[in-house]
Amino acid sequence: MVRGLAYGLGGLVVVLALLLTLLFLVQRKLIYLPATAAPPPAGTVLPGAREVTLHTADGLRLAAWLVPATANDRGVTVLFAPGNAGDRSMRAPLARALRQQGMSVLLLEYRGYGGNPGEPTEAGLALDVQAAYRFLVEEQEVRPNRLIFFGESLGAAVVTALAAQRPCAGLVLRSPFVDLASAGAVHYPFLPVRALLRDEFPVAATIRRVAVPTVVVLGTADTVIPAEQSRAVAAAAAGPVTTVEVAGADHNDLVLLDGMQVIGAVTALADRVG
């Protein structure tokens, strides 16, 4: 009986070890959910928008969309880093709303998304957003003091890391998490998420080194990134912080994409840096 129990427990340990190994190997397939096909041409989705190419330090050529301001140009540009799913066409409503408020927008597309080459990783996304920054500052001659970084969910981690390394006028973080392990533990409480993760995205730790004006936008009913995590990021920021809480909003609700409170928050920040 004891020997049988030992064999049974030993078999269970082996199975668990195999499952954890499998999760370690395939975890990025669970984190990054790209629409891999190229979206329609920029101008057909957003009249006046144009296709641009970003050159990463590791040799990739990434497609992105540059959306110029339409009227009453504020001379402020928004570098937008998306969340973990979809492609740039899905953020067209946001770019349209911001351009109508006089801001130009660069819709970054990560490696592996929207027809772009490469595979997404934390290090890779850092290279992608750095390429976007160089494009705006060096090729488009956007002054850093007229440049707002805007990150959505996972993209909030990407732009926070950039803001710790490169100057900007302000930071908008929509539904940021404390770090990737904290976000993962919400959905997989039975797994040693922190020990398994290969990518970390430490937003709260990084934003302690970012002193620019920061806006944190969150949905109070967010079931993907709990509101308390976004509040913790706001509390950790080194610079002046405005928190915008959208009552009753869940993570993927359209009101958190281009709703009045989101656009109003970005516009207010643009007024402040302008």
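I will try to describe carefully the structure that is included in this document. (Residues numbered from 1 in each chain as written. Predicted model: local features only at pLDDT ≥ 70, side-chain atom pairs only at ≥ 80, totals over all residues. Heavy atoms only, no water.)

Notes on the packing of aromatic side chains
Aromatic ring pairs are reported here in terms of the distance separating the ring centres and the angle at which the planes meet.
Consideration 1: Applying the stated rule across the entire model yields 4 aromatic pairs.
Consideration 2: Seen from their ring centres, Phe80 and Phe150 are 5.1 Å apart, and the 80° between their planes marks the pair as edge-to-face. Here the residue Phe80 occupies a position in strand 4 (residues 76-81), and Phe150 occupies one in strand 7 (residues 147-152), the gap between them amounting to 70 residues.
Consideration 3: Ring plane angle 80° and centroid distance 5.9 Å describe the contact between Tyr133 and Phe149, whose orientation is recorded as edge-to-face. Of this pair, Tyr133 sits in helix 4 (residues 122-139) while Phe149 is found in strand 7, placing the two residues 16 residues apart along the sequence.
Consideration 4: In this structure Tyr133 comes out as buried when scored by relative accessible area, which is 7%.
Consideration 5: Overall, Phe149 belongs to the buried group, its relative accessible area being 0%. (Phe/Tyr/Trp six-rings, centres within 6.5 Å; stacked < 30°, edge-to-face > 60°. Helix = DSSP H or I, 4+ residues; strand = E, 2+ residues; numbered from the N terminus. Buried < 20%, exposed > 50% of the residue type's maximum accessible area, 1.4 Å probe, protein only.)

Observations regarding helix 3 (residues 92-100)
One turn of an α-helix holds 3.6 residues; hence residues three or four places apart share an orientation.
Consideration 1: Within helix 3, the full set of buried residues consists of Ala92, Leu94, Ala95, Ala97, Leu98 and Arg99.
Consideration 2: Directly beyond the C-terminal end of helix 3, a positive phi value near 90° is found at Gly102.

Description of the side chain of Asp222
Consideration 1: Along the chain, the position of Asp222 falls in the loop between strand 9 (214-219) and helix 9 (227-236).
Consideration 2: In this structure, Asp222 is buried with no salt-bridge partner, the nearest side chain bearing the opposite charge being Arg174 at 5.0 Å.
Consideration 3: A polar contact is formed between the side chain of Asp222 and the backbone nitrogen of Val224, at a distance of 2.8 Å.
Consideration 4: Dropping the residues within four chain positions of it, Asp222 is found in contact with Ser175, Ala249, Asp250 and His251. (Lys, Arg positive; Asp, Glu negative; His and termini not counted. Salt bridge = Lys/Arg side-chain N within 4 Å of Asp/Glu carboxyl O. Polar contact = N/O pair within 3.5 Å; in protein donor to acceptor, adjacent residues only side chain to side chain. Contact = heavy atoms within 4.5 Å.)

Don't take any of this as a statement about function, it's just geometry.
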